[in-house]
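# Observations on the model geometry
The chain contents come next:
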Amino acid sequence: MHINDAVFLEDLCPKSRLRQWRKSIHRITEKSCIYCGKPSESIDHVIPRSQGGLSTTKNCVPACLSCNGDKSDENAWYWYSKQKFFDARRAWALRAWLEGDLPLAIRLLQWANPNFKLKENYKKDESEYRAA
Ligand SMILES: [Zn+2]
């Protein structure tokens, strides 16, 4: 599929559904930033929209405002590798997330953060994520 043919979520969904989708992204990591583990307050486009990144679950990760703002339009891997809080497990989780393997991403994030608890309702939503 050519990038210009892609349908943007914002175009499809009314605002309430967009809000639900954003909430579901934050729920995956229990509202913690995928990069540093602090509370996530925003959604980061791993591949920036300015570089053709889509507003899809695969390309959108929970991030704190500090990481989101600091990363800006930089390449996510390059930016993250320079951070003091860099953690290889989180980098792998990010890669798994981009490949659409959310169960693997969650396991890696749990490994990186012992306080991370898997929400029971995640299992219920799993088929939905797989279909996306
Ligand atoms: Zn962060």
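Description of the structure in this document. (Residues numbered from 1 in each chain as written. Predicted model: local features only at pLDDT ≥ 70, side-chain atom pairs only at ≥ 80, totals over all residues. Heavy atoms only, no water.)

What follows is about the pairing of strand 2 (residues 60–63). Neither face of strand 2 is left uncovered, since the one carrying C60 and P62 and the one carrying V61 and A63 both have all their residues buried. By the bridge criterion, four bridges tie strand 1 (residues 42–45) to strand 2 in an arrangement that is antiparallel. Counted as the bridge partner of I43 is P62 from strand 2. (Buried < 20%, exposed > 50% of the residue type's maximum accessible area, 1.4 Å probe, protein only. Helix = DSSP H or I, 4+ residues; strand = E, 2+ residues; numbered from the N terminus. Pairing = 2+ DSSP bridges.)

With that settled, consider the coordination of the zinc ion. For the zinc ion, the full set of protein donor atoms is C33 (SG), C36 (SG), C64 (SG) and C67 (SG), and the range of their distances to it is 2.3 Å. Between the four donor atoms coordinating the zinc ion, the angles at the centre fall across 103 to 117°, so the site counts as tetrahedral. Considered as a linear motif, the donors of the zinc ion on their single chain read C-x2-C-x27-C-x2-C. Pair noted here: C33 is in the loop between helix 2 (15–28) and strand 1 and C64 is in the loop between strand 2 and helix 3 (65–71), with a separation of 31 residues, a long-range link. For C33, a relative accessible area of 0% translates into the label buried. Given a relative accessible area of 4%, C64 falls into the buried group. (Donors = N, O, S within 2.8 Å, 3.2 Å for Na, K, Ca; no water. Tetrahedral: all angles 85-135°; square planar, octahedral: opposite > 155°, others 65-115°.)

In this section: a positive patch on the surface. A surface patch of like charges, here positive, comprises K15, R19, K23, R27 and K31. Structurally, K31 can be placed in the loop between helix 2 and strand 1. Taking the relative accessible area as the measure of exposure, K31 reaches 56% and is therefore exposed. (Patch = residues over 30% accessible without salt bridge, like charges linked within 9 Å, V, L, I, M, F, W, Y side chains within 5 Å. Areas by Shrake-Rupley, 256 points an atom, 1.4 Å probe, with all protein chains shown as cover. Salt bridge = Lys/Arg side-chain N within 4 Å of Asp/Glu carboxyl O. Lys, Arg positive; Asp, Glu negative; His and termini not counted. Charge placed at Lys NZ, Arg CZ, Asp CG, Glu CD.)

This part covers the packing of aromatic side chains. One pass over the structure, following the stated rule, counts seven aromatic pairs. Between the aromatic rings of Y35 and W79, the centroid separation amounts to 5.0 Å while the plane-to-plane angle is 80°, which identifies the pairing as edge-to-face. Separated by 44 residues along the polypeptide, Y35 in the loop between helix 2 and strand 1 and W79 in helix 4 (residues 76–81) bring together distant segments of the chain. Taking relative accessible area as the criterion, Y35 reaches 1% and is therefore assigned buried. A residue is classified by how much of its surface remains accessible, and W79, at 1% relative accessible area, is buried. Three or more aromatic residues joined by ring pairs form one cluster here, namely Y35, W79, Y80, F85 and F86. Seen from the ring of W111, R89 lies directly overhead, with NZ or CZ sitting 5.3 Å from the centre. Over the ring of W77 we find R95, and its NZ or CZ is 4.4 Å from the ring centre. (Phe/Tyr/Trp six-rings, centres within 6.5 Å; stacked < 30°, edge-to-face > 60°. Lys NZ or Arg CZ within 6 Å of the ring centre and 35° of its normal.)

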